[in-house]
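# Structure at a glance
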Amino acid sequence: MVEKQLKAMFFNGSPRKNKNTAQMLESAMKGAQEAGAEVELIHLQDLNFKGCVSCFACKRKGNTCGGLCIQKDDLRPVLERILEADVLVAGSPIYWHNSTGMFRNFVERLFFPILSYNNADEHGLIKYLDKKMLCGIIYTMNVPNDYYYNLFHYHEILEPVRVQMEAFFGYCEQLEARNTWQFYPDYSKFDASAVDMEQKQWFRDNQWPKDLLAAYDLGKRLVEKAKEQ
Ligand SMILES: Cc1cc2nc3c(=O)[nH]c(=O)nc-3n(C[C@H](O)[C@H](O)[C@H](O)COP(=O)(O)O)c2cc1C
């Protein structure tokens, strides 16, 4: 029997196409490739699209949207391709204590058409689209661990998107890279005297390679799980 070619799609919600989030996604992509998937990386920055415009075409009685946003722009064909994907990994830097605007625009357009406002039956959530997909979310950010948990409570802020992704598609893991290298290539060229460079450099040398490896493992694991389904 011929094994089905699995498809894994990766989305970069950073305007920077080769920095922290992109590098984490590329590492996850290598893992997915190693596990045998066909991979595709989409930089949201390259697409001309907006967030949900509240047209509610996807909520009208008898609508034929099938859980897909009807707005015709660069995102629409990408959303169509997601229907064929077995694995989806979406990455974003943290901008002002949440994912970037373009990441949220993407999530609005992906999620909202799937959600039904009809009463749930005993099986739970009613969806316009019944699609199983192994999902991952990767966040990169400046804050170190202590700020992440205790000062800014990012674990609480970020969790609902992961939970929603899992509710819609069946499975979603989250990975974070904290205290990333923001000013490439050299902090000394920037106004950044408040940055603890000793800590920054330590994270760069010791934690960042582990973060990249964790991203690789995530990509590989998701494809391997997809094979089991
Ligand atoms: C506009 C802006 C806002 C940011 N806000 C935060 C923030 O609230 N918390 C944080 O931890 N990092 C923040 N950062 C830092 C980025 O999240 C971090 O450098 C990230 O790894 C950048 O990802 P990239 O290299 O893929 O662009 C901000 C960066 C920018 C440019």
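A short tour of the structure in this document, coming up. (Residues numbered from 1 in each chain as written. Predicted model: local features only at pLDDT ≥ 70, side-chain atom pairs only at ≥ 80, totals over all residues. Heavy atoms only, no water.)

## Remarks on the pattern of salt bridges
Once their charged atoms are close, side chains differing in charge can pair, the charge on each being opposite to the other. The criterion, for reference: Should a side-chain nitrogen of Lys or Arg be within 4 Å of a carboxyl oxygen of Asp or Glu, the pair is scored as a salt bridge. Secondary structure elements are taken from DSSP: a helix is a run of H or I of four residues or more, a strand is a run of E of two residues or more, and numbering for both begins at the N terminus. Any residue under 20% of the maximum accessible area for its type is buried, any over 50% is exposed, and the rest in between are partly exposed; the area is computed with a 1.4 Å probe on protein chains only.
Tallied over the full model, the rule gives eleven salt bridges. A salt bridge links R81 to E40; the shortest N-O distance between them is 2.5 Å. Separated by 41 residues along the polypeptide, R81 in helix α2 (residues 75–82) and E40 in strand β2 (residues 38–43) bring together distant segments of the chain. Owing to a relative accessible area of 31%, R81 belongs among the partly exposed residues under this scheme. One connected set of salt bridges, linked through shared partners, spans E159, R162 and E166.

## Brief notes about the site of the ligand
Applicable threshold: Proximity is defined per residue: if any heavy atom of the residue lies within 4 Å of a molecule or strand, that residue is considered near it. Pairing of N or O atoms within 3.5 Å defines a polar contact, subject to two protein rules: one partner must be a possible hydrogen donor and the other a possible acceptor, and residues neighboring in sequence count only if both atoms are side-chain atoms. Method for areas: the Shrake-Rupley scheme with a 1.4 Å probe, in which residue coverage is limited to the protein chains shown. Amino acids outside the nonpolar list (Ala, Val, Leu, Ile, Met, Phe, Trp, Tyr, Cys, Pro) and the charged list (Asp, Glu, Lys, Arg) are all regarded as polar, and Gly is one of them.
Within the structure, the ligand sits among 17 residues, and S14, T21, I94, T140 and T180 are positioned closest to it. Between an oxygen atom of the ligand and a main-chain N or O atom of I94, the distance comes to 2.6 Å. In the environment of the ligand, a nitrogen atom lies 2.9 Å from a nitrogen or oxygen atom belonging to the side chain of Y154. When isolated, the ligand has an accessible area of 640 Å², and the protein chains bury 84% of it. In terms of residue count, strand β3 (residues 87–95) provides more of the shell around the ligand than any other element does, three residues in total. Broken down by class, the residue content of the shell around the ligand amounts to seven nonpolar, eight polar and two charged.

## Focus: the packing of helix α3 (residues 101–111) against helix α5 (residues 154–169)
To keep things clear, this is the line we draw: Working convention: axes come from line fits to C-alpha atoms, limited for helices to the stretch in contact. Angles between N-to-C directions cover 0 to 180 degrees. To sort the angles, those under 35 degrees are grouped as roughly parallel, those over 145 as roughly antiparallel, those from 65 to 115 as roughly perpendicular, and the leftovers as oblique. A clockwise turn of the near helix away from the far one marks a right-handed crossing, whereas an anticlockwise turn of less than a right angle marks a left-handed crossing. Contacts are assigned to residue pairs that have any heavy atoms within 4.5 Å of one another.
Direction vectors running N to C along α3 and α5 enclose 30°, while the axes themselves pass 12 Å from each other. Judged by the inter-axis angle, α3 sits roughly parallel to α5. At the point where α3 passes α5, the crossing takes the left-handed sense. Of the residues in α5, those in contact with R104, L110 and F111 of α3 are V161, Q164, M165, F168 and F169. Grouping the constituent residues of the contact of α3 with α5 by class yields six nonpolar, one polar and one charged.

## A closer look at the packing of α2 against α3
Packed helices, taken two at a time, are described by the angle between their axes plus the distance between the axes. Where α2 meets α3, the axes come as close as 11 Å, and the angle between the chain directions of the two elements is 60°. As far as their axial angle goes, α3 and α2 are oblique. Crossing angle aside, the handedness with which α2 passes α3 is right-handed. Where α2 approaches α3, its residues L75, R76, L79 and I82 are matched on the opposing element by F106, R109 and L110. Residue classes in the contact of α2 with α3 are distributed as five nonpolar, no polar and two charged.

## Re α5
The criterion, for reference: Working rule for helices: expected span equals 1.5 Å times residues minus one. Bend is computed residue by residue as the angle between axes fitted to the seven residues ending at the residue and the seven residues starting at it.
Taking 1.5 Å per residue, 16 residues should reach 22 Å; α5 reaches 23 Å between its end C-alpha atoms and fits that length. At P160, α5 shows its maximal bend, which comes to roughly 30°. Those residues of α5 that fall on the buried side of the exposure criterion are Y154, L158, V161, R162, M165, F168 and F169. Summarising the contacts, the buried residues of α5 are in contact with β3, β4 (98–99), α3, β5 (133–140), α4 (145–151) and β6 (170–177).

## Focus: the nonpolar core
Soluble globular proteins: nonpolar side chains tend toward being buried together. Which entries qualify depends on this criterion: Take the buried Ala, Val, Leu, Ile, Met, Phe, Trp, Tyr and Cys residues and link them wherever side-chain atoms come within 4.5 Å; each set so joined is a nonpolar core.
Grouped together as the largest cluster of nonpolar side chains are 38 residues, with contacts concentrated most on F11, I82, L88, F106 and F169. If you list the elements that add at least two residues to this core, you get β1 (7–12), α2, β3, α3, β5 and α5. Those residues within four positions of F169 in sequence are excluded, and the remaining contacts are L110, F111, I114, K131, K132, M133 and C135. Listed in part, the 22 residues of the second largest apolar core include A8, L134, I138 and L218.

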